[in-house]
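Fold and geometry: a report
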Amino acid sequence: MSQSLVDDPAEAARGLARPFEAGSGPEPGRRVDVRRLLRFVLRRPGLVLSVTVLALVVLASFWPYMFTSQDPLKGMPSQNFRAPSGSHWFGTDELGRDVFSRVVHGAQLSLKATLIAVLVAFVVGGLLGLVAGFVGRWVDDVLMRFVDVLLSIPALFMSLALVTALGYGTVKVAVAVGIASVAAFARVARSEVLRVRQAVFVEASRASGARWYSVLGRHVLPNAAGPVIVLATLDFGASILAVSALSFLGYGAPPPAPEWGTLMSDGRNYLANAWWLTALPGLAIAATVLATNRIARALDGEWSRQR
């Protein structure tokens, strides 16, 4: 058995999720108890706060004018470096632009990049792990050695190298971050496919004469997808940090695009007299990451134990 089966990403994802197996879990047609779900959520004020924060970020990314009517690119030099107040909740920057409107509109760019990064990692890594685990033999060896090479390179360094080769921009940063996360998804997907492939119901399906694609689609994929989806949920917060870090270093959308990482980078030169330029966008990033991790831990850990 390959060493890749016992690496940390696979163990962490398996510990957070319980994939559906034949003969276990809810019966067919069983519906979720809404009252029980509401009781579970309301007993956890931190989870309610996390859901609220994430919902506000999603709304801001799609409908930013629900929260602010000010133009994030239009400045008033006479209003520069205004501290947070009722008229400017997050203050103003060196050009007199409203920082709150820039943070709200920046949610669209940052969230779009994060979604692209997670999607790239989920699709590419999931396919690699699926092929390696289901086909096996020399295909498994070749793919896993490639994954081992990816794991040997720090994710941030790989992202920097890829974005330098691809060029600057939000989408290219997202693709670079996604490719840097492929290895973890591939290891988790492979370990789960190997586990499900050896199950009794899969062997029975093969013995009954089912085609390989039928076994793959009806048995292997549904039962192996759980931990990979959990990992995607957990990777969402890490991708926000990675995208913001690359934007902070200047690899994201060019100015005056209000990406969250770019806002922090622009404000670091004015920490002495305008702390809000860096602190408040950083608070938005931290709140989004913490909310995402709290929701993932609650729904994929606490909820599973109580079902």
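Residues take numbers from 1 onward in each chain, read along the sequence in its written order. Only residues with pLDDT of at least 70 get local features here, since the model is predicted, and only at 80 or more are side-chain atom pairs given and counted; chain-wide, interface and lining totals rely on the full set of residues. Side-chain measures were taken over the full set of non-hydrogen atoms in the model, leaving aside hydrogen atoms and water.

Secondary structure elements follow DSSP: runs of H or I of four or more residues count as helices, runs of E of two or more count as strands, with numbering from the N terminus. When its secondary structure is counted, the chain shows 12 helices and zero strands. Start at the N end of the chain and walk to the C end: the helices and strands fall as α-α-α-α-α-α-α-α-α-α-α-α. Residues classed as buried in the chain amount to 46% of the 307 residues present. The contacts in the chain between residues at least 6 apart in sequence include a share of 72% that link residues at least 24 apart. All accessible areas in this document rest on Shrake-Rupley with a 1.4 Å probe, and a residue is counted as covered only by the protein chains that are shown. As displayed, the chain offers around 16,100 Å² of accessible surface, 65% of which is attributable to carbon and sulfur atoms. Only protein chains enter the calculation, and the probe is 1.4 Å; a residue is then buried if its accessible area is under 20% of its type maximum, exposed if over 50%, and partly exposed in between. The contact rule is simple, with two residues in contact once any of their heavy atoms fall within 4.5 Å.

Attention now moves to the pattern of salt bridges. The term salt bridge refers to a pairing of a side-chain nitrogen on Lys or Arg with a carboxyl oxygen on Asp or Glu at a separation within 4 Å. Tallying each qualifying case throughout the model produces six salt bridges. Residues Asp140 and Arg190 are paired through a salt bridge, measuring 2.7 Å at the closest nitrogen-oxygen approach. Placement of Asp140 in helix 5 (residues 137-151) and of Arg190 in helix 8 (residues 182-197) is noted, with a sequence separation of 50 residues between them. Residue class for Asp140 comes out buried when judged on its relative accessible area of 10%. A salt bridge links Glu192 to Arg195; the shortest N-O distance between them is 2.8 Å. One end of the pair, Glu192, and the other, Arg195, are both in helix 8, three residues apart, so they sit about a helical turn from each other. Linked by salt bridges that have partners in common, Asp93, Glu94 and Arg97 make up one network.

Our focus in this paragraph is the nonpolar core. The tendency in soluble globular proteins is for nonpolar side chains to be buried side by side. Counting 27 residues, the largest nonpolar core has Val103, Phe185 and Trp260 as its most contacted members. The set of elements that each furnish at least two residues to this core consists of helix 3 (45-62), helix 4 (99-135), helix 8, helix 10 (212-248), helix 11 (260-267) and helix 12 (276-306). For this core, the leading source of residues is helix 4, giving eight residues. Ignoring anything within four residues of it in the chain, the contact list for Trp260 reads Val57, Val103, Gly106, Ala107, Ser110, Ser244, Pro281, Ala284, Ile285 and Thr288. Residues enter a nonpolar core if they are buried and are Ala, Val, Leu, Ile, Met, Phe, Trp, Tyr or Cys, with the set joined through side-chain atoms within 4.5 Å.

Turning next to helix 4. Helix span, as expected, comes to 1.5 Å for every residue beyond the first. For helix 4, spanning 37 residues, the distance from its first C-alpha to its last is 53 Å, which sits close to the expected 54 Å at 1.5 Å a residue. Note on bend: at a given residue it equals the angle between the axes fitted to the 7 residues ending there and to the 7 starting there. Gly106 marks the point of greatest bend in helix 4, at about 30°. Here a polar contact is taken to be a pair of N or O atoms separated by no more than 3.5 Å, where protein atoms must pair a possible hydrogen donor with a possible acceptor and residues adjacent in sequence count only if both atoms sit in side chains. Where helix 4 begins, the side chain of Asp98 points an oxygen toward the backbone nitrogen of Phe100, at a separation of 3.4 Å. Of the residues one or two after helix 4, Gly136 is the one with positive phi, at around 75°.

As a further point, take the confidence of the model for the chain. For every residue, the predictor states its confidence as a pLDDT score lying anywhere from 0 to 100. Looking at the chain as a whole, the pLDDT averages 80, with 81% of positions reaching at least 70. Put simply, helix 1 (residues 8-16) is where the chain has its lowest mean pLDDT, 49, and helix 7 (residues 170-180) is where it has its highest, 90. Low pLDDT (under 50) marks residues 1-7, which in the prediction has 14 contacts with non-local residues, meaning those over four places away or in another chain. Segment residues 12-30: pLDDT under 50, and 28 contacts once partners within four positions in sequence are set aside and those in other chains are kept.

Here Val57 shows up in helix 3. As for Val57 and Thr288, which are separated by 231 residues in sequence, their C-alpha atoms are 7.4 Å apart. Val57 has contacts with Ala107, Trp260 and Thr288, leaving out every residue within four places of it along the chain.

For the rest of this paragraph, the subject is a nonpolar patch on the surface. Patches here: salt-bridge-free residues with over 30% relative accessible area, like charges joined within 9 Å, nonpolar side chains (Val, Leu, Ile, Met, Phe, Trp, Tyr) joined within 5 Å. Together, Leu119, Phe122, Val123, Val124, Leu127 and Ile229 give the surface a local cluster of nonpolar side chains, amounting to about 500 Å² of exposed area. For the nonpolar patch, the element with the highest residue contribution is helix 4, accounting for five residues. Its location among the elements puts Phe122 in helix 4.

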